[in-house]
Amino acid sequence: MVTVLLPGPLRGEAGGASRLTVAAAGSLRGVLDELAVSWPRLARRIRDERGELRRYVNVYVDGEDCRHAGGLEAPVPDGAEVQVLPSVAGG
């Protein structure tokens, strides 16, 4: 099992949950694919139409930025925590 941690701005797309559990492990792509089955609106906030991570969304697997660990192919071991953080801009 993998735990997906969601910040406040994304919780509305997951029924208000701050943590979601998915059975998928192996790669970040697999975790996000499974997430999309139960929470499709959340999945659209994380990935674009081509299935790539949106530019303004940062994803960490056990604290490591997935973009430095293989992107969507980043390994996600069983028991891992995946944290999704949309960038916040100000001005």
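All of the points below concern the structure found in this document.

How each quantity is defined
Residues numbered from 1 in each chain as written. Predicted model: local features only at pLDDT ≥ 70, side-chain atom pairs only at ≥ 80, totals over all residues. Heavy atoms only, no water. Pairing = 2+ DSSP bridges. Helix = DSSP H or I, 4+ residues; strand = E, 2+ residues; numbered from the N terminus. Contact = heavy atoms within 4.5 Å. Axes fitted to C-alpha atoms, helices over the stretch in contact; angles between N-to-C directions. Buried < 20%, exposed > 50% of the residue type's maximum accessible area, 1.4 Å probe, protein only. Polar contact = N/O pair within 3.5 Å; in protein donor to acceptor, adjacent residues only side chain to side chain. Arc of directions from axis to C-beta.

**Quick notes on the sheet that holds strand β4 (residues 57-61)**
Strand order in the open sheet formed by five strands is β2-β1-β7-β4-β5, and the pairing between neighbours is mixed. Among the strands making up the open sheet, the edge pair consists of β2 (19-22) and β5 (64-65). Note that strand β1 (residues 2-5) and β2 share four bridges and pair antiparallel. Along β2, the bridge assignment pairs Leu 5 with Arg 19. On the sheet, helix α2 (residues 28-38) packs against β1, β2, β4 and β7 (81-86) and is oriented at approximately 105 degrees with respect to β2.

**Points about unusual backbone geometry**
The backbone phi angle of Asp 62 is positive, close to 50 degrees, even though this residue is not glycine. With respect to the element layout, Asp 62 can be found in the loop between β4 and β5.

**So, the environment of Val 22**
Positionally, Val 22 belongs in strand β2. Among the residues examined, Val 22 registers a relative accessible area of 2% and is labelled buried. Sequence spacing of Val 22 and Val 84 is 62 residues, and the spatial spacing of their C-alpha atoms is 14 Å. Sequence-distant contacts of Val 22, defined by excluding residues within four places in its chain, comprise Met 1, Val 2, Val 4, Val 31, Glu 34, Leu 35 and Trp 39.

**Some points on the side chain of Glu 13**
Inspection of the secondary structure assignment puts Glu 13 in the loop between α1 (8-11) and β2. Residue class for Glu 13 comes out buried when judged on its relative accessible area of 18%. A distance of 3.2 Å separates a polar atom in the side chain of Glu 13 from a polar atom in the side chain of Arg 45. When near neighbours in sequence (up to four residues on either side) are disregarded, Glu 13 contacts Trp 39, Arg 41, Leu 42 and Arg 45.

**Points about α2**
In an α-helix, one turn spans 3.6 residues, which is why side chains three or four residues apart end up on the same side. All buried positions along α2 are accounted for by Leu 28, Val 31, Leu 32 and Leu 35. Buried residues of α2, seen end-on, are gathered within an arc of 95 degrees and therefore sit on one face of the element.

**Concerning the pairing of β7**
What you see with β7 is a clean split: Val 82, Val 84 and Pro 86 sit on the buried side and Glu 81, Gln 83 and Leu 85 on the side with no burial. Alignment of β1 against β7, held across three bridges, turns out to be parallel. Paired with Val 4 across the bridge in β7 is Val 82. In this structure, β4 lies alongside β7, joined through five bridges in antiparallel fashion. Across the sheet, Val 61 pairs through a bridge with Val 82, a residue of β7.

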